Amino acid sequence: MSDPNGYCEVSDLLIGDLILPVEIDPAKYITSAAEEMDSRIGLLYETPIEIDDADKEKYRATITFLRSINTRLASGRILMAAASALELTTVHAYARNLVEGALADLKLIEDRKYILQGAKENTNPPEAYVSSRAYSYNQDPVSAVDSFYAVVD
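All of the points below concern the structure found in this document. Not measured: the values here are computed from a predicted model.

Things to note about the packing of aromatic side chains
- Applying the stated criterion across every chain, the model contains one aromatic pair.
- On the basis of an interplanar angle of 20° and a centroid distance of 3.9 Å, the ring pair of F65 and Y114 is categorised as stacked. In this pair, F65 is assigned in helix α2 (residues 60–85) and Y114 in the loop between α3 (93–110) and α4 (144–152), connecting sequence segments 49 residues apart.
- Accessibility expressed as a relative area gives 13% for F65, which makes it buried.

Structure representation (structure tokens):
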């Protein structure tokens, strides 16, 4: 579905005609953003998300959504890094907006409010992962409330 290093390409980045400092490699930011995405959605889906060529039209929404997230996250981080390299004292508002929007979309996937159709479910999530169930855990062998009333009564 994507470049092996991300869900988007350097040509997709939203940085306009900004001349980047030489130490900023856009491809590395794309890879880093894709790895961050995979770390967050990898509990639900096998990552990286790959969709067979035969199904690309059928699951175009998933492909474009992941590309959009990767593009915005990498672009925002690049703009923030460029601002830092140029010693600007404020975070670029556009960069912040790109990153916040991308992270909000990742949260939609994590919360299962956006289903990545065509993506294979992770059938072997870590045992520590608990999906939307509430659990009660009492570390003490005796209830503190019961102990209190035992003394007061």
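Focus on a nonpolar patch on the surface
- There is a patch of nonpolar side chains on the surface, built from Y149, V151 and V152 and spanning about 330 Å² of accessible area.
- Within the secondary structure layout, V151 lies in helix α4.

Digging into the layout of surface pockets
- Empty space within the largest pocket amounts to approximately 160 Å³.
- Taken together, 10 residues form the lining of the largest pocket, with L44, Y45, R112, E121 and N122 sitting closest to its centre.
- Taken together, the residues of the lining of the largest pocket break down into seven nonpolar, one polar and two charged.

Scoring rules and cut-offs
- Residues numbered from 1 in each chain as written.
- Predicted model: local features only at pLDDT ≥ 70, side-chain atom pairs only at ≥ 80, totals over all residues.
- Heavy atoms only, no water.
- Phe/Tyr/Trp six-rings, centres within 6.5 Å; stacked < 30°, edge-to-face > 60°.
- Helix = DSSP H or I, 4+ residues; strand = E, 2+ residues; numbered from the N terminus.
- Buried < 20%, exposed > 50% of the residue type's maximum accessible area, 1.4 Å probe, protein only.
- Patch = residues over 30% accessible without salt bridge, like charges linked within 9 Å, V, L, I, M, F, W, Y side chains within 5 Å.
- Areas by Shrake-Rupley, 256 points an atom, 1.4 Å probe, with all protein chains shown as cover.
- Salt bridge = Lys/Arg side-chain N within 4 Å of Asp/Glu carboxyl O.
- 1 Å grid on protein atoms, 1.4 Å probe; cavity = no way out; pocket = protein on both sides within 12 Å on 5 of 7 lines; lining within 4 Å.
- Points joined across faces, edges and corners; volume = space filled by probe spheres on them.
- Nonpolar A, V, L, I, M, F, W, Y, C, P; charged D, E, K, R; others polar.

In short, geometric facts, not functional conclusions.
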